[in-house]
Amino acid sequence: MKTGRFWAWVTFILGACYFFIPLIATFEFSLRMRRGEYSFDAYSVVLGDARFQQTFSYSVIVAVFTIILGVLIVVPTAYWIRLRMPHLRPIVEFITLLPLIIPAIVIVFGYIRMYGSNSPLPFLASARGTDVLLIIGYATLALPYMYRAVDTGLRTIDVRTLTEAAQILGAGWTTIIGRIILPNVLIAVLSGAFLTFAIVIGEFTLASLLNRPAFGPYMQLVGANRAYEPAALAIIAFAITWGCMSVIQVLSRFAPKSANRPN
Amino acid sequence: MADPFLSIQGVSKAFGQTTVVENFNLDVERGEFVSFLGPSGCGKTTVLRMVAGFEEPTAGSIYVGGKDITYLKPNQRNVGMVFQAYALFPNLTVAQNIGFGLKVAGVAKADADKRVAEMLEMIKLPQFGDRYPYQLSGGQQQRIALARALAPKPKLLLLDEPLSALDAKVRVSLREEIRSIQKQLGITTIFVTHDQEEALSISDRIAVMYGGKAEQVGAPFEIYNRPATKFVANFVGTLNVLEGTVSDAASGKVKVNTEEISLKGKLNGSKTGDMLSLALRPEAISLGRRPGNDASLSGQISDVHFLGSVIRVRVGIGESSVSLDTFNNSTTPPPVVGEKAEISFSSGDVLVLH
């Protein structure tokens, strides 16, 4: 074996250990609830807890609405930037990166100040309004991932020529986006959607400070008061995230193969 | 021309401070096949895109069938277009691609299916309906793109360098196929190309463009044999240019290197002492004297290329040189580099470029 290859393997194994050992340890700990033997009792307790089911269902519904809002905002924006306003791309990219720079706590305090019951847009005056604000907040947090996923998808097709080809055949904007552009970037949109899902499921700050019954605050609550269940919850959260990633991988195999770039 | 089907009147286009097309005028008859020929950046694609509606002219008007379409949206023009990059929709099958325009227009499914089948027959790919674009070769994809453009029965067909991305053999066969389909359907067609052979071989008329203007519009024979400007003469076909000086304007004598030739009636008002550029097509020049050639010049063979059926010979005449082709004759050895040679031509074939 060449020296370079040997060190590459050493680095890879060290990296894998750094990642997997805490995970294995957490998993092993989550199985120790029953004294003296391994069991899935912690998982039974967590999955059987009514609050787990309520908060998880709530977060799933919020995630679905967040994904819909994100797609409605990002797909037309990214498409229009590629087609007509490429000069605005650096500005839009900067804006979409802001949620990574500005902490969620700053965003949520801004929301509380801006959308209180005395404001012209009193989102926080009702539970439903707060849910809407939470969805908007999550769509903002997911913007860097959703925008990049969709923009990468658009890069794989010749947006301008496909648009013009559809236009000259009589299609309007709705037909072009709905029947030509979206199906060709669907896998990228789904990638963005699953990343959004993973973010929403684990998010704590916004949900907690807006006082909504989401999965993130529930995980924190369980973590603060129980011993084995938090470990089981951490493994469940990992499994959900990995499941999302696997679905992205599987779906990417079904992406339409572009034939628009002649050699 | 009585009533042109497509009329482009005084069209100009500027992007910021840069004028790309300047006062472009062209009338095209119904069923005519007109090519826009010119180098990159000459404005040919911009004119085509203005006809398609993708660009708005800065000035001028475009009429199709007597109707002003200058500011009409592309999806309201009923124009078919084939793109250089094929532009087939990757998520749709071949049949769905061809039927796209019909579906958008709200044609009943049975009628649309029938039309798609007709189109597939026309391009000789009847069994390809269920395939996806990525499963086809470049030539097949471009034929599908042509069928897709023609399926909704457009008034006008626009071809934007549709053969540029294909290999040489496919290019030749597809251009013949395009011309044959165009004749069969009698559809008015604008074809953009930078390939002179393509334009010469399939067009009814050619508009040679340079610097955003039409330098000359005419039939291929006219463009090739009677180029109106130095650019057209140089761009279309191979051209030998010899520099000469008018030695006696009255008798039409022109001095080339150290010899004189007579070009009576071709000097277009040039005066004695004026410098002229004399252009000659390679096929108008013979090695040695030939009957019917009334002008000759002496030189030295500087290069010989054996190309099989023909031999390309370059003859140096003073500071200039001319290229000519002779047929390969198995009993006659090819000319040798360094040999003295005489070239002859008919003064009638000389193009005087001012």
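As the structure is a computational prediction, the values presented were derived from the model and not from experiment.

Novice: It is not clear to me how the overall build of chain A should be interpreted in this structure. Could you clarify?
Specialist: Within chain A, the regular secondary structure consists of 12 helices and zero strands. Walking chain A from its N terminus toward its C terminus, one meets helices and strands in the order α-α-α-α-α-α-α-α-α-α-α-α. With respect to the principal axes defined by its C-alpha atoms, chain A has extents near 75 × 70 × 30 Å. The contacts in chain A between residues at least 6 apart in sequence include a share of 75% that link residues at least 24 apart.

Novice: Explain the sheet that holds strand β3 (residues 33-37) of chain B to me, please; I cannot follow it from the model alone.
Specialist: Hydrogen bonds between backbone groups are what pair the strands of a sheet, and the pairing can be parallel or antiparallel. Residue and element names in this part refer to chain B. Read from one edge to the other, the open sheet built from six strands follows the order β6-β7-β8-β3-β9-β10, with strand pairing classed as mixed. Looking at the sheet topology across the chains shown, the edges are occupied by β6 (79-82) and β10 (213-218). Strand after strand, the sheet turns through a mean of 20° between neighbouring axes, direction not considered. Bridge analysis of strand β9 (residues 205-210) against β10 gives five bridges, and the strand direction is antiparallel. In the sheet register, Tyr-210 faces β10, and the bridge partner there is Lys-213. Each of β6 and β7 (156-160) is contacted by helix α4 (residues 138-150), which is oriented at about 175° to β6, the strand it contacts most.

Novice: Any chance you could explain the domain arrangement of chain B here in plain terms?
Specialist: Interface size is commonly expressed as the accessible area that is lost once the parts come together. Split by domain assignment, chain B resolves into domain 1 (6-235) and domain 2 (240-353). Each of domain 1 of chain B and domain 2 of chain B has a C-alpha centre, and the two are 39 Å apart.

Novice: What's the story with the pairing of strand β2 (residues 18-28) of chain B in this structure? I'm lost.
Specialist: Regular strands place side chains that alternate from one sheet face to the opposite one. Residues and elements named next belong to chain B. Of the strand pairs in this sheet, strand β1 (residues 6-15) and β2 are connected by seven bridges, and their pairing is antiparallel. What sits directly across from Lys-13, in β2, is Val-21. Hairpin geometry of β1 and β2 is characterised by an intervening segment of two residues between the two adjacent antiparallel strands and by a positive phi of about 65° at Gly-16.

Novice: Looking at this structure, how should I read the interface of chain A and chain B?
Specialist: Each partner contributes to the interface: chain A provides 23 residues, whereas chain B provides 24 residues. Taken together, the elements giving at least two residues each to the side of chain A that touches chain B come down to α7 (159-168) and α8 (173-184) of chain A. Take the side of chain A that touches chain B: its biggest share by element is six residues, from α7(A).

Novice: Please clarify how the confidence of the model for chain B should be interpreted in this entry.
Specialist: As a note on interpretation, predicted positions should not be read in detail where pLDDT is low. For chain B, the mean per-residue pLDDT works out to 91, and 99% of the residues sit at or above 70. Here the predicted complex carries an ipTM of 0.82, next to a pTM of 0.79.

Novice: Would you mind showing me how to read the sheet that holds strand β16 (residues 295-306) of chain B here?
Specialist: All names here are of chain B. The strand order β15-β19-β16-β17-β18 describes an open sheet built from five strands, whose pairing is antiparallel. Each edge of the open sheet carries a strand with a single partner, namely β15 (286-287) and β18 (320-327). Here two bridges tie β15 to strand β19 (residues 340-345), and the two strands are oriented antiparallel to one another. Across the sheet, residue Ser-286 finds its bridge partner in β19, namely Ser-344.

Novice: Would you mind going over the nonpolar core with me for this structure?
Specialist: Across soluble globular proteins, nonpolar side chains have a tendency to be buried as a group. Among the nonpolar cores identified, the biggest contains 137 residues, and Val150(A), Leu158(B) and Val208(B) are the most heavily contacted of them. With 14 residues, helix α6 (residues 127-155) of chain A is the single largest residue contributor to this core. Core analysis: the next-biggest nonpolar cluster, separate from the first, contains 21 residues, Leu278(B), Val315(B), Leu324(B) and Phe345(B) among them.

Novice: Quick question: what am I supposed to make of the pairing of β18(B) here?
Specialist: All names here are of chain B. With eight bridges joining them, strand β17 (residues 310-317) and β18 adopt antiparallel strand pairing. Along β18, the bridge assignment pairs Val-313 with Leu-324. Counted between consecutive antiparallel strands, the loop separating β17 from β18 contains two residues, among which Gly-318 sits at a positive phi close to 60°.

Novice: Teacher, can you tell me more about the confidence of the model for chain A here?
Specialist: All names here are of chain A. Per-chain confidence: chain A averages 89 in pLDDT, with 95% of residues scoring 70 or above. Per-element mean pLDDT across chain A ranges from 83 in helix α12 (residues 229-252) up to 95 in α7. Across residues 259-263 the pLDDT falls below 50, and counting only partners more than four positions away or on other chains, this stretch makes 21 contacts in the model.

Novice: How should I be thinking about the packing of helix α2 (residues 94-104) of chain B against helix α3 (residues 109-122) of chain B in this particular structure?
Specialist: How two helices sit against one another is set out by the angle between their axes and by the gap between those axes. All names here are of chain B. At a closest axis distance of 9 Å, the pairing of α2 and α3 adopts a crossing angle of 130°. It follows that α2 is oblique to α3 by the angle criterion. Relative to α3, the crossing made by α2 is right-handed. Contacts between α2 and α3 involve Ala-95, Ile-98, Gly-99, Leu-102 and Lys-103 from the former and Ala-112, Arg-115, Val-116, Met-119 and Leu-120 from the latter. Broken down by class, the residue content of the contact of α2 with α3 amounts to seven nonpolar, one polar and two charged.

Novice: I would appreciate a short explanation of the packing of α4(B) against helix α5 (residues 168-185) of chain B in the present structure.
Specialist: Residue and element names in this part refer to chain B. The interhelical angle for the contact between α4 and α5, taken along N-to-C directions, is 15°, at an axis separation of 11 Å. The orientation of α4 with respect to α5, classified from their angle, is roughly parallel. Our pair here, α4 against α5, has a crossing hand that is right-handed. Side by side, α4 and α5 meet where Gly-138, Gly-139, Gln-142, Arg-143, Leu-146 and Leu-150 of the first sit next to Val-170, Leu-174, Ile-178 and Leu-185 of the second. The class makeup of the residues in the contact of α4 with α5 is six nonpolar, three polar and one charged.

Novice: Would you mind showing me how to read the environment of Met119(B) here?
Specialist: Residues and elements named next belong to chain B. Within the secondary structure layout, Met-119 lies in helix α3. Met-119 gets classed as buried once you count the C-beta atoms within 10 Å, which come to 25. Once residues lying within four places of it in the same chain are set aside, the contact partners of Met-119 are Ile-98, Ala-147, Leu-150 and Ala-151.

Novice: Help me out: how do you make sense of unusual backbone geometry in this one?
Specialist: A negative phi angle characterises most non-glycine residues, just as the trans form characterises most peptide bonds. All names here are of chain B. In this structure, Asn-78 is a non-glycine residue whose phi angle is positive, near 55°. Relative to the assigned elements, Asn-78 resides in the loop between β5 (67-68) and β6. You will see that Tyr-86, though not glycine, has its phi angle at about 65°, which is positive. Looking at the secondary structure, you find Tyr-86 in the loop between β6 and α2. According to the C-beta neighbour criterion, Tyr-86 is buried, with 27 such atoms within 10 Å.

Novice: Is there a simple way to think about the environment of Arg148(B) in this case?
Specialist: Residues and elements named next belong to chain B. Tracing the backbone shows Arg-148 in helix α4. For the pair formed by Arg-148 and Ile-98, sequence separation is 50 residues and the distance between their alpha carbons is 4.0 Å. Once residues within four sequence positions are removed from consideration, Arg-148 is found in contact with Asn-97, Ile-98, Phe-100 and Gly-101.

Quick notes on the rules
- Residues numbered from 1 in each chain as written.
- Chains lettered and ligands numbered in written order.
- Predicted model: local features only at pLDDT ≥ 70, side-chain atom pairs only at ≥ 80, totals over all residues.
- Helix = DSSP H or I, 4+ residues; strand = E, 2+ residues; numbered from the N terminus.
- Contact = placed C-beta atoms within 7 Å.
- Pairing = 2+ DSSP bridges.
- Axes fitted to C-alpha atoms, helices over the stretch in contact; angles between N-to-C directions.
- Domains from an automatic or database assignment.
- pLDDT = per-residue confidence, 0-100.
- Core = buried A, V, L, I, M, F, W, Y, C linked by C-beta atoms within 7 Å.
- Buried ≥ 20, exposed ≤ 12 C-beta atoms within 10 Å, placed from the backbone.
- Parallel < 35°, antiparallel > 145°, perpendicular 65-115°, else oblique.
- Left-handed = near helix turned anticlockwise from the far one by under 90°.
- Nonpolar A, V, L, I, M, F, W, Y, C, P; charged D, E, K, R; others polar.

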